[in-house]
Amino acid sequence: MSHGLGSGYDLSAGTYSQDGRVFQVEYAAKAVENSGNAIGIRGRDCVVLGVDKPRVSEMLVRAAPKNATLSQNIGMTSAGLVADCRTLANWCREECRSYKNQYHTEIPVRVLSERLSLEMQEHTTTSYYRPYGATVILGGFDEDHTKPQLFMVEPSGKSFGYRACSCGMNQSPARTELEKLDLPNLGAEEAVMTVARILHQIHDESKNLAFELELSWACAATGFRHVPVPPELLARAEEAAKRFLEERDHA
Amino acid sequence: MDAPITRTLEPINTGTSVVGITYKDGVLIASDTLVSYGSLSRFRSIQRLVSIGPCLIGASGDYSDFQHITDLLTQKVDEASFHQDGFQYTAPELFEYLCRVMYERRSKVNPYWNRVVMAGSKQGKPFLGCVDLYGTHYASPTVATGYGEQLAQPILRKEWHPDMSLEEAHALLEKCMRVLLYRDCYTINKVQFARIGLDGQTTIEPPAPLTGTRWEAPLTITLP
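Residues numbered from 1 in each chain as written. Chains lettered and ligands numbered in written order. Predicted model: local features only at pLDDT ≥ 70, side-chain atom pairs only at ≥ 80, totals over all residues. Heavy atoms only, no water.

(A) Quick look at the overall build of chain B. Secondary structure assignment for chain B yields five helices and 13 strands. For 224 residues, the compact-globule estimate of 2.2 N^0.38 gives 17 Å, and the C-alpha radius of gyration of chain B, at 18 Å, lies within 12% of that figure. Across its three principal axes, chain B shows a C-alpha extent of roughly 60 × 55 × 25 Å. Per-residue burial over chain B gives 46% buried out of 224 residues. The contacts of chain B with a sequence gap of at least 6 include a subset with a gap of at least 24, amounting to 61%. (Helix = DSSP H or I, 4+ residues; strand = E, 2+ residues; numbered from the N terminus. Rg over C-alpha atoms; globule rule 2.2 N^0.38 Å. Buried < 20%, exposed > 50% of the residue type's maximum accessible area, 1.4 Å probe, protein only. Contact = heavy atoms within 4.5 Å.)

This is the structure in structure tokens:
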């Protein structure tokens, strides 16, 4: 090793460092931490997913959608390398489709999250692949529509169920805000307002680029389908979020 | 020993005729609710008309193949909706896709053993099409499959006109279903109607027996 002690252990996911780490996985997590923020919350009979899309160019008319519908009742949002996020969205869609083909029922969100985490974990085990540089938040309903479901899968393959979760550049301030919420009693519209507020709030703190907000939800009002939040509600949520920030600054 | 590859050589559980016509405000189709097992009237309460996204389909022939076709089309419609770009298939487009699928399968000498009727609308005009197990397809304001092709189609062609009201269309199809009930061995007196409006609104009526049938011995009937 001509570059000094400890170097050369980060070239592939198939190599451990001397103290037993796989650096490639940590780099993948870094890729997520350098990207925009995504939030998912599970309220009373609803799931709301939100993401902020940094305005990469002044000439950009409208950013491409980032929240994806995977099956009728399941959606995802993500943070990290955009291309990896899209690949994972398509991978999930295919998984939902093949599950439905085989079992003739919609894939439960938990099963999808487990399968996705296996896929992502597998990419951390050999030198042939690099890990996915993306964290995925899956939200939605199972076919019986009884309970909202929310899972987050990280590049390492870690996957847990959450009441609320966040990922991206400002995941910790977002989590602090999420922890203050009374989640089991949060109605769908209220949840939309909250996600918009938090995304604006955490963005404000880091004072960087302008951004575009994208929200999607699944609740009784949408027939438990995962769809984008209607533009009218989105505008109202953004306005309320901006007003909240102004009032806070004046106080 | 290597056994030769075999295909479905005959359908097992089958549905009989589906008839359909366009009317002023959409398309109306009808079928019975029977799925036969050979000549046995085995499943007597099966809904054979299905609403899929922008269209309504019904089929005669193998029922399991029809179920599979239903799944294929549902998947197609769903996948388009996931992309959230506002694009939706129209009935003629889905029909074209279905025709390609049917032709592909006949080219593999392994056809879906059906004759499928598809109803919908495009650009404010009603659409009604029909495709068979060879992939032969056409669109027409009157369509009938199975035995209905022989018995109902002549009646439909004679009595159909473009500005029919829903009531007139209903009465005409009822008349066809009555003729089929008299003459088709593989049908029962439980009939279902379904319609799709020009706005894409689908209504599937609950199945009901046909009224106005007459079963007196022919000699005693005085024809009007």
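(B) Spatial organisation of the packing of helix 2 (residues 82-103) of chain A against helix 1 (residues 63-82) of chain B. It is at 12 Å that the axes of helix 2 of chain A and helix 1 of chain B come closest, and there the two elements cross at 160°. If you check the angle between helix 2 of chain A and helix 1 of chain B, you find them roughly antiparallel. When the axes of helix 2 of chain A and helix 1 of chain B are compared, the crossing they make is right-handed. Packed against helix 2 of chain A, whose contacting residues are Arg93(A), Arg97(A), Lys100(A) and Asn101(A), the element helix 1 of chain B presents Gln75(B), Asp78(B), Glu79(B) and Phe82(B) at the interface. The residue inventory of the contact of helix 2 of chain A with helix 1 of chain B, partitioned by class, reads one nonpolar, two polar and five charged. (Axes fitted to C-alpha atoms, helices over the stretch in contact; angles between N-to-C directions. Parallel < 35°, antiparallel > 145°, perpendicular 65-115°, else oblique. Left-handed = near helix turned anticlockwise from the far one by under 90°. Nonpolar A, V, L, I, M, F, W, Y, C, P; charged D, E, K, R; others polar.)

(C) Representation of the interface of chain B and chain A. Taken residue by residue, the interface counts seven residues in chain B and 13 residues in chain A. The junction of chain B with chain A conceals about 830 Å² of combined surface from both sides, 42% of it contributed by carbon and sulfur atoms. Considering only the surface of chain B that becomes buried against chain A, Gln75(B), Phe82(B) and Gln84(B) emerge as the three largest contributors, covering 64% of it. In this structure, the connection of chain B to chain A is made through zero salt bridges. If you look at where chain B meets chain A, you find three residue pairs in polar contact (both at pLDDT 80 or more). When its residues are assigned to classes, the side of chain B that touches chain A shows one nonpolar, three polar and three charged. (Buried area = accessible area lost by both parts, 1.4 Å probe. Salt bridge = Lys/Arg side-chain N within 4 Å of Asp/Glu carboxyl O. Polar contact = N/O pair within 3.5 Å; in protein donor to acceptor, adjacent residues only side chain to side chain.)

(D) Local environment of the packing of aromatic side chains. All names here are of chain B. Summed over the entire model, instances satisfying the criterion amount to nine aromatic pairs over all chains. The interplanar angle of 80° and the centroid separation of 5.1 Å between the aromatic rings of Phe 87 and Tyr 89 together place this pair among those described as edge-to-face. Taking the centre distance of 5.4 Å and the plane angle of 65° together, the rings of Phe 95 and Phe 127 count as edge-to-face. In this pair, Phe 95 sits in helix 2 (residues 91-107) while Phe 127 sits in strand 9 (residues 125-131), placing the two residues 32 residues apart along the sequence. Here the guanidinium or amino end of Arg 42 rests over the ring plane of Tyr 37, the centre of that ring lying 4.8 Å away. Sitting over the face of the ring of Tyr 97, Lys 76 holds its NZ or CZ atom 4.6 Å from the ring centroid. (Phe/Tyr/Trp six-rings, centres within 6.5 Å; stacked < 30°, edge-to-face > 60°. Lys NZ or Arg CZ within 6 Å of the ring centre and 35° of its normal.)

(E) Structural view of the sheet that holds strand 2 (residues 18-23) of chain B. Residues and elements named next belong to chain B. With antiparallel pairing, the five strands of this open sheet are ordered in space as 11-2-3-12-13. If you trace the sheet from one side to the other, it starts and ends with strand 11 (142-144) and strand 13 (202-204), each paired once. Between one strand and the next, the sheet's axes are offset by a mean angle of 10°, whatever the strand orientation. Pairing of strand 2 with strand 11 involves three bridges; the strand directions are antiparallel. Looking at strand 11, one finds that Val 19 is bridged to Ala 144. (Pairing = 2+ DSSP bridges.)

(F) Highlighting the state of the cysteines. Following the criterion strictly, the structure yields zero disulfides over all chains and no others. Free cysteine: Cys219(A), not disulfide-bonded; nearest cysteine sulfur from Cys46(A) at 6.4 Å. For Cys219(A), a relative accessible area of 1% translates into the label buried. Free cysteine Cys99(B): the closest other cysteine sulfur is in Cys130(B), separated by 9.1 Å. With relative accessibility at 0%, the residue Cys99(B) sits in the buried group. (Disulfide = S-S within 2.5 Å.)

(G) The pairing of strand 7 (residues 55-62) of chain B, seen in detail. Residue and element names in this part refer to chain B. Where burial is concerned, most of strand 7 is hidden: eight out of the eight residues are buried. When strand 1 (residues 13-15) meets strand 7, the two strands line up antiparallel, connected through two bridges. Its bridge partner lying in strand 7, Gly 15 is registered against Gly 61. One ladder, built from four bridges, connects strand 6 (residues 49-52) with strand 7; its direction is antiparallel. Paired with Leu 49 across the two strands is Gly 58, which belongs to strand 7. In this antiparallel pair of consecutive strands, strand 6 and strand 7, the connection spans two residues, and Gly 53 shows a positive phi of 45°. In terms of strand pairing, strand 7 meets strand 8 (residues 114-122) through six bridges, oriented antiparallel.

(H) Structural context of the nonpolar core. Core analysis: the biggest nonpolar cluster contains 27 residues, and Ile39(A), Ile41(A), Val192(A), Leu215(A) and Trp217(A) have the highest contact counts within it. Of all the elements in the fold, those that place two or more residues in this core are strand 1 (38-43), strand 2 (46-54), helix 4 (171-179), helix 5 (188-206), strand 9 (211-219) and helix 6 (231-250) of chain A. Among the elements that take part in this core, helix 5 of chain A stands out by supplying eight residues, more than any other. Leave out the neighbours within four places in its chain, and Ile41(A) touches Cys46(A), Val47(A), Val48(A), Leu150(A), Arg163(A), Ala164(A), Leu178(A), Leu183(A), Leu186(A), Ala191(A) and Val195(A). Ile69(B), Leu94(B), Cys99(B) and Val101(B) belong to the second-largest nonpolar core, a separate cluster that totals 23 residues. (Core = buried A, V, L, I, M, F, W, Y, C linked by side-chain atoms within 4.5 Å.)

(I) View of the UniProt feature "domain: Proteasome alpha-type subunits" (unreviewed entry) in chain A. The feature "domain: Proteasome alpha-type subunits" (unreviewed entry), as given by UniProt, occupies residues 9-31 of chain A in the numbering adopted here. Along residues 9-31 of chain A, the helical share is 39% and the strand share 0%, with 18 Å between the first and last C-alpha atoms. (UniProt positions renumbered as here; feature names shortened; annotations may be inferred.)

(J) Just the side chain of Asn170(A), in detail. Its location among the elements puts Asn170(A) in the loop between strand 8 (164-167) and helix 4. Polar side-chain contacts of Asn170(A) include one of 3.2 Å to the backbone oxygen of Ile202(A).

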